[in-house]
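# Residue-level structure breakdown
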Amino acid sequence: MSGRPRFLCGVVEGFYGRPWSMEQRKLLFRWLKRWGLNCYMYAPKDELKHRLLWREPYTQHEAAQMQSLIKAAQEHDVEFIFAISAGQDIVFSSAGDRLLLQQKLRQVAALGCSAFALLFDDIDPCMCRADRDVFPSLAQAQASVANEAYRELGLPPTFLFCPTEYCSSLCSPSPAKSRYLQTLGQELLPEIGVIWTGPKVVSQELSVALVEEVEHVLQRRLLIWDNLFANDYDCRRVFLGPYTGRAPGLVPRLCGLLLNPNCELQANFIPIHTLGSWFRSELWGCTHTNSTGTEASAELGDSQGLQEGYSPQKALELALLDWVAEIKQQVLEAGWTPLHPSTVCKEEAGLHPGTAEGQEALLDPQPCGTAPSEADQREPEPCAVTTGNRKRKATSVPEEGNGSRASAGGPQSPAGDGDQLASGSRESCEPSSAMPSTAGSDRSSGAPVADETVHSLGTPTCCSSGASTCQSTPLDSSDGRERGSSPPGSPQPGASTADVLQIPSGCKADPRPGPISQLVDGATTSPVPTALLTNGTAVSPIPTVPLISEEGRSDSSAPLTMEEARMLVELFYLPYHHGPQAQHLLEDLQWLRANSPNMGVPTRSPNSCVVAQWRSRARSFQQLCAQTCCLHSRFVHSAGQALLYDLHPYLWDIRNLLLAASAFVLWLDGRLLCDPDHKGTWGSCFGWCQSITAPLFPGEDAEPWVRHGGLFGELQALLPVGNSCDLFCHPPPLFPSRQLYLLHPLLPQDKGVLEEALLFFHTKPLPVPLPVLRRFPSLVQLDMAPRVQDMGAGCSLAVSLLSALRTNGSRGVFCQVSAADHQQLSFYSKLGFIALPLPWPSSPGTQLLGRLL
């Protein structure tokens, strides 16, 4: 059919949240042209004059920006579709509202736009009284407004309509029997296209049969608004995987397909790249079956490899090659040195600007998470307070200034006199107390220098059960800084073959994933600043996995490799599927959780092969965690500015959670060696496997937002304190750091460094009110050294510590904080601690804080 209009395939900017900037959209147009895509729809939900203030015309400045955007699209052979969403408060029967809508559309048409869309999605389906007096149904009211606007614009070649029932799950009772859709099919002019998202709002699959069913009801071809990569419904998720789940042969049944992508533009390189591969493959198939228009051959370009049909995995490999090259090119073109952890945090006015006076800045806002401007990249003046306010995710209302995630001031943790992250805890049935807080020390010191090795420890941690008493104290860190270090993963003096796991004969250890790394003494080989989760009863070495293996170590200044880019994609894959790296992490932690009761059996038991299998699987999990932590460090060092600020919050979240999970697994491993009698209380320490809310695995019919948090949420739910969401909601640092951290329990070899602190454990405690001990039996003390400005490591330490206490049966923890130390009080409040309204005569001027587990 040579007269058929060309198939529209491209991107719709239709998400909730901060709209893209002008420069981001121009970059998008370059991507679209480069990959053979031909369409862009302007429909940012939170651009005020698109939705909330749709009646207001654009100012002269805004109109000039819109004209520039339309012209930029045309220069890249991209059809620009202007969409407006008036459905929230339009009075369909009002001649005034109809006139204002038409005037707005004519204003944009005068700027050079020839394609339009009216959106009536996500609105209340109930009409006001005035409309009910005129129109018998919502569908007739909407069709009347759309038909009139279409005629007033002179019957433009592209005019689209998004219905209120825009997917099968919203139709009552079904698409085929929906009175709303049936009325639209009869009332809408046949030249007006209808937008559809598929069986669900975020459709895992699109089939030809479903498209034909809806097409029959609406009496016209559909344009698919594809939400596969939309992430505005979950601030923990971003999708970097390939375009998939769309049946071959869709193009002949549709008039177009537009991808509604991630809110972060840089996260969309692979989704849009693979969409282009899918489109070219579909066009090739259509051209060879003579079922599309004559323009297909011209748009097809190079048809090499298309004969075999679209393969998501092959398309992903091609996209990864281009992405790695693009990342390197962005760094070279910008002439930008990746962020260094020694950069001192400073409030940057250019990072989160508010809108300009009036509404004139709405069309060109600073992009969400945008890096500071060139002027802001100069070395900032040192300051004592780190600002952690960064907008993480779009919301359903326009946002200005700081982001939606709560900001945290300072290094976002209490200060300590030591040089390293540390924590202290105590579980006791008798009165006890902690030493006075170390907060209030000087906080003006800079962040740690990259790759600096620090072996010393501030306040140690104790996780013991029963009546054991433990306390914590600051430790002078001068000795630790004088200790030498060895390259990450290298053998240490005194290491022997006994440090390597020996699998008993007849036992099959889980071979996945990768080789078994050498086990080394974590106290003498710490390759990075180490936060220790100490165990007051540890008397035997606890194996730790080197954070960076010999074969995996790479030049930190080198660009990201293909394998690193692939690992990043696999961590943030698709809404309904995890990538292999994420799947392995989940499977390992699920297996370790399900089989953890077996750890109550000592290694001398006949079931030692089961224990060896558990430990082998634990090392596999720890190795994956270490790889992810190294990826975070490499990404911070090697990614360009725009990509870093778009993706770092997600990778930072995952890194912190895996630090905590890996430390907790190490604690379980060491607890096995410390337990003298498997018939004692240790057998009941794993009640969390049954008592804690299990991770939610929804059915196939559920929308992806039911899987709250994606990989992050599922890993969180597997931890003993996973139902305490306040432990996991913290904003990322304003300036990302590539510093590596490793959390592990106290080893016997650590006692040389911590001798003074360990002696303090045995001092006589101060009495604590009994009501506190009844509800909060465990005492904790968390301190972060001033030099550590990444709150994520401190929060990971807290999560691993509280997980260990919860596993040991504790249902509550408390801490002692000076009432005048507002910074430490703020830190604990962010971890869910609340002030206990009980006096403490033994320690006046001190506030007791507690939280349940």
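Quick notes on the rules
Residues numbered from 1 in each chain as written. Predicted model: local features only at pLDDT ≥ 70, side-chain atom pairs only at ≥ 80, totals over all residues. Heavy atoms only, no water. Core = buried A, V, L, I, M, F, W, Y, C linked by side-chain atoms within 4.5 Å. Buried < 20%, exposed > 50% of the residue type's maximum accessible area, 1.4 Å probe, protein only. Helix = DSSP H or I, 4+ residues; strand = E, 2+ residues; numbered from the N terminus. Contact = heavy atoms within 4.5 Å. pLDDT = per-residue confidence, 0-100. Phe/Tyr/Trp six-rings, centres within 6.5 Å; stacked < 30°, edge-to-face > 60°. Salt bridge = Lys/Arg side-chain N within 4 Å of Asp/Glu carboxyl O.

## Brief notes about the nonpolar core
Counting 164 residues, the largest nonpolar core has Phe80, Phe82 and Trp323 as the members making the most contacts within it. Take this core: its biggest share by element is 15 residues, from helix 15 (residues 641-674). With residues up to four places along the chain from it excluded, the contact list for Phe80 reads Tyr40, Tyr42, Met66, Leu69, Ile70, Ala73, Cys113 and Ala115. In this structure, Ala83, Cys162, Cys167 and Trp225 belong to the second largest nonpolar core, which totals 21 residues.

## Observations concerning the environment of Ile81
In this structure, Ile81 sits in strand 3 (residues 79-84). Sequence separation between Ile81 and Met41 is 40 residues, and the spatial gap between their C-alpha atoms is 4.5 Å. If sequence neighbours within four positions are ignored, Ile81 has contacts with Leu8, Cys39, Tyr40, Met41, Tyr42, Ala115, Phe116, Ala117, Thr158 and Leu160.

## Remarks on the confidence of the model for the protein
As a general rule, the predicted coordinates of low-pLDDT regions are not to be interpreted in detail. Averaged over every residue, the pLDDT of the protein is 73; the share at 70 or more is 65%. Long-range and interchain partners of residues 291-299, a stretch whose pLDDT sits below 50, account for 17 contacts in this model, where long-range means more than four residues apart.

## Description of the packing of aromatic side chains
Taken as a whole and assessed by the stated rule, the structure comprises 19 aromatic pairs. Judged by centre distance (6.0 Å) and plane angle (10°), the rings of Tyr42 and Phe82 are stacked. Residue Tyr42 is found in strand 2 (residues 39-42), and its partner Phe82 is found in strand 3; the two are separated by 40 residues along the sequence. Note on accessibility: Tyr42 and Phe82 belong to one class, buried.

## A short note on the environment of Gly812
Structurally, Gly812 is set in strand 13 (residues 812-818). According to the relative accessible area criterion, Gly812 is buried, its value standing at 0%. Not counting the four nearest positions on each side in its chain, Gly812 is found in contact with Arg775, Phe776, Pro777, Ser778, Arg851, Leu852 and Leu853.

## So, the pattern of salt bridges
Applying the stated criterion to the full structure yields 17 salt bridges. Among the salt bridges present, the one from Glu564 reaches Arg634, with a minimum N-O distance of 2.9 Å. With Glu564 in helix 12 (residues 562-571) and Arg634 in helix 14 (residues 608-638), this residue pair connects regions lying 70 residues apart in the sequence. For the residue pair Glu564 and Arg634, the accessibility class agrees, reading buried in each case. Salt bridges sharing common partners tie together Arg55, Asp89 and Asp97.

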